[in-house]
Amino acid sequence: EVQLVQSGAEVKKPGESLKVSCKGSGYSFTSYWIGWVRQMPGKGLEWMGIIYPGDSDTRYSPSFQGQVTISADKYISTAYLQWSSLKASDTAMYYCVRPLSGIEVDYWGQGTLVTVSS
Amino acid sequence: EIVMTQSPATLSVSPGERATLSCRASQSVSSNFAWYQQKPGQAPRLLIYGAAIRATGIPARFSGSESGTEFTLTISSLQSEDFALYYCQQYKNWPYTFGQGTKVEIK
């Protein structure tokens, strides 16, 4: 069974750094793209970026390029989403997703709520 | 970037009635298209992918169709558990993009 298990909720102050994680299991982690979707409070879904753990090829949505860093450690089947300096506007739910591909369905993590407040 | 435009923003429907949701892509996405349902406090749930393939466990009252760059989700007879937010998504080109959502509410 494919599972994506995300790290727990975080409460941070503006300017702090943060790295959230997503551990994949039940499939070959290096053979599928994995990425992050943001959902701000009361708003819609936005793809942030994706990474192919097999070769670390990483792609960002233009809105998020330079704002976050996506990485993966293929040896522990874990993907990461990282901020160097959080802003209040980063307050959101973040979902780890193995995206749809051809006729293969997608898989979603349970979400990590990030709250940034002074 | 491919822009996905959903309509209407809100759909008011009585239980048992048919609901028709639309999504238009700004350029061709072929059949690399999906519909999701989201309820408060939950992650999105995949309903339809490949434009018309029901995901595992999705009731037959949900169906998807495509005509060029226009996609339709039909719920044949709304049940109480179907009142929720619905999003479309294209996964043909990166960045993958979602529509802004359609809220299906009880009339």
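Rules and cut-offs
Residues numbered from 1 in each chain as written. Chains lettered and ligands numbered in written order. Predicted model: local features only at pLDDT ≥ 70, side-chain atom pairs only at ≥ 80, totals over all residues. Heavy atoms only, no water. Phe/Tyr/Trp six-rings, centres within 6.5 Å; stacked < 30°, edge-to-face > 60°. Helix = DSSP H or I, 4+ residues; strand = E, 2+ residues; numbered from the N terminus. Buried < 20%, exposed > 50% of the residue type's maximum accessible area, 1.4 Å probe, protein only. Contact = heavy atoms within 4.5 Å. Polar contact = N/O pair within 3.5 Å; in protein donor to acceptor, adjacent residues only side chain to side chain.

## Some words on the packing of aromatic side chains
Summed over all chains, the structure comprises 13 aromatic pairs over all chains. Plain terms: the ring middles of A:W83 and A:Y94 are 4.9 Å apart, the flat faces sit at 70 degrees to each other, and that makes the pair edge-to-face. Residue A:W83 is located in strand 8 (residues 78-83), and its partner A:Y94 is located in strand 9 (residues 92-98); the two are separated by 11 residues in the primary sequence. With relative accessibility at 2%, the residue A:W83 sits in the buried group. Cluster of aromatic residues (ring-pair linked, three or more members): A:W47, A:Y95, A:W108, B:Y36, B:W94, B:Y96 and B:F98.

## Things to note about the environment of A:D73
All names here are of chain A. Position of D73 among the secondary structure elements: in strand 7 (residues 69-73). Relative accessible area serves as the criterion here: at 27%, D73 is assigned to the partly exposed category. For the pair D73 and Y32, spaced 41 residues apart in the sequence, the C-alpha separation amounts to 13 Å. When near neighbours in sequence (up to four residues on either side) are disregarded, D73 contacts F29, T78 and Y80. A distance of 3.0 Å separates a polar side-chain atom of D73 from the backbone nitrogen of Y75.

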